[in-house]
Amino acid sequence: MTGKEVAILRIGHRPERDQRVTTHVALTGRALGASGMYLAASDKGVVESVDDVADRWGGKFFCEDNVKWRVCIRDWKAAGGKVVHLTMYGINLPDIISEIRPCEKLLVVVGAEKVPGEMYGLADYNVAVTGQPHSEISSLALFLDHLYEGTEFSHPFPDAKIRIVPSKAGKQTEEL
Ligand code: SAM
């Protein structure tokens, strides 16, 4: 869809409390140009919600649960990809994005609660979206916007069943 292959790896998900945030991580990634999300937990509810949106709103976006995160990272690297871990302890986004942008295959890791210390060593890039604590959704959105330099606003979503007709006032949609 974007020329690059960018997938998300969500770790630390707790089904009893993170369903909504994890679903929003996937939807944010999808809207802003990622090709899918690996979920390092079992949660069919998240998978179904994300699949339902992708089916109606078009484009190709996979959502896979029950992923073993270390294996996912190992396989990604073996396939020539780079791993970006979003963490407030990393190098600030504007200072590193030009080094990351040329990579054609990126796995973007976001945590939920405390991320295992091992993750910092496994990542090719530990990237901070400011050095202040906030959220996996906002950090992912800003990372993808910097990565794509605003071009994500015109990414296509083929085979959609519905689309929005942008309007200054009111809500206009079109069934396709
Ligand atoms: N306190 C946890 C820790 O130290 O590992 C992180 C909790 S935070 C709510 C959840 C996730 O949001 C983090 O794992 C990270 O991926 C992302 N995040 C939060 N603030 C961030 C920041 N300033 N820069 C980059 N990512 C951030």
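Reading the values: the criteria
Residues numbered from 1 in each chain as written. Predicted model: local features only at pLDDT ≥ 70, side-chain atom pairs only at ≥ 80, totals over all residues. Heavy atoms only, no water. Near = heavy atom within 4 Å. Polar contact = N/O pair within 3.5 Å; in protein donor to acceptor, adjacent residues only side chain to side chain. Areas by Shrake-Rupley, 256 points an atom, 1.4 Å probe, with all protein chains shown as cover. Core = buried A, V, L, I, M, F, W, Y, C linked by side-chain atoms within 4.5 Å. Buried < 20%, exposed > 50% of the residue type's maximum accessible area, 1.4 Å probe, protein only. Helix = DSSP H or I, 4+ residues; strand = E, 2+ residues; numbered from the N terminus. Contact = heavy atoms within 4.5 Å. Phe/Tyr/Trp six-rings, centres within 6.5 Å; stacked < 30°, edge-to-face > 60°. Lys NZ or Arg CZ within 6 Å of the ring centre and 35° of its normal. Salt bridge = Lys/Arg side-chain N within 4 Å of Asp/Glu carboxyl O. Axes fitted to C-alpha atoms, helices over the stretch in contact; angles between N-to-C directions. Parallel < 35°, antiparallel > 145°, perpendicular 65-115°, else oblique. Nonpolar A, V, L, I, M, F, W, Y, C, P; charged D, E, K, R; others polar. Arc of directions from axis to C-beta.

A.B. asks: Help me understand the site of the ligand in this model?
C.D. replies: In the vicinity of the ligand lie 19 residues, with Leu-86, Val-115, Val-129, Thr-130 and Gln-132 positioned nearest. Between the ligand and Leu-86, the relevant distance is 2.6 Å, taken from an oxygen atom to a main-chain nitrogen or oxygen of the residue. One of the backbone N or O atoms of Thr-130 is found 3.0 Å from a nitrogen atom in the ligand. When isolated, the ligand has an accessible area of 570 Å², and the protein chains bury 81% of it.

A.B. asks: What exactly am I supposed to notice about the nonpolar core here?
C.D. replies: Of all hydrophobic cores here, the largest spans 33 residues; its most connected members are Met-37, Ile-100, Val-127, Phe-143 and Leu-147. In terms of residues, this core owes the most to one element, helix α6 (residues 136-148), which gives 5 residues. Not counting residues up to four positions away in its chain, the partners in contact with Phe-143 are Val-84, Leu-86, Leu-93, Ile-97, Ile-100, Leu-106, Val-108 and Val-127.

A.B. asks: What is the right way to read the packing of aromatic side chains from this model?
C.D. replies: Remark: the centre distance and the inter-plane angle together describe each pair of aromatic rings, the angle taken between the planes. Using the criterion set out here, one finds 3 aromatic pairs in the structure. With a centroid separation of 4.9 Å and an interplanar angle of 55°, the aromatic rings of Tyr-38 and Phe-62 are classed as tilted. Of this pair, Tyr-38 sits in strand β2 (residues 36-39) while Phe-62 is found in strand β3 (residues 62-64), placing the two residues 24 residues apart along the sequence. Feature note: the residues Tyr-38, Phe-62 and Trp-76 constitute an aromatic cluster, connected by ring pairs. Over the aromatic face of Trp-76 sits the side chain of Lys-105, whose NZ or CZ is 3.8 Å from the ring centroid.

A.B. asks: Sorry, what's going on with the pattern of salt bridges here?
C.D. replies: Where side chains of opposite charge bring their charged atoms close, a pairing between them can arise. The final tally for this structure, using the stated rule, is 10 salt bridges. With a shortest N-O distance of 3.2 Å, Glu-5 and Lys-105 are connected by a salt bridge. Here Glu-5 is found in strand β1 (residues 5-10), whereas its partner Lys-105 is found in strand β5 (residues 105-110), with 100 residues between them in sequence. Taking relative accessible area as the criterion, Glu-5 reaches 34% and is therefore assigned partly exposed. Between Arg-163 and Glu-174 there is a salt bridge, with its nearest N and O atoms 2.8 Å apart. Residue Arg-163 is located in strand β7 (residues 162-164), and its partner Glu-174 is located in strand β8 (residues 173-175); the two are separated by 11 residues in the primary sequence. One connected set of salt bridges, linked through shared partners, spans Arg-14, Asp-18 and Glu-113.

A.B. asks: In this structure, what is going on with the packing of helix α1 (residues 15-31) against α6? I would like to understand it.
C.D. replies: Any two packed helices are characterised by the angle at which their axes cross and by the distance between the axes. Two elements in contact, α1 and α6, have axes whose closest approach is 9 Å; the angle formed by their N-to-C orientations is 10°. Judged on the interaxial angle alone, α6 and α1 are roughly parallel. Listed contacts from α6 to Val-21, His-24, Val-25, Thr-28 and Gly-29 of α1 are Glu-136, Ile-137, Leu-140, Ala-141 and Leu-144. Of the residues assigned to the contact of α1 with α6, the class counts are 6 nonpolar, 3 polar and 1 charged.

A.B. asks: Honestly, helix α3 (residues 69-78) in this entry has me stumped. Any pointers?
C.D. replies: Residues three or four positions apart in an α-helix share a direction because the helix packs 3.6 residues into each turn. Every buried residue of α3 is listed here: Trp-69, Cys-72, Ile-73 and Trp-76. End-on view of α3: buried residues confined to an arc of 95°, all on one side of the axis. Projecting away from the buried face of α3 at angles above 90 degrees are the exposed residues Arg-74 and Ala-78. Looking at the buried side of α3, the elements it contacts are β1, β2, β4 (82-92), β5 and α5 (118-122). One or two steps after α3, the chain reaches Gly-80, where phi turns positive at roughly 90°.

Geometric descriptors of this kind do not, in isolation, establish any biological role.
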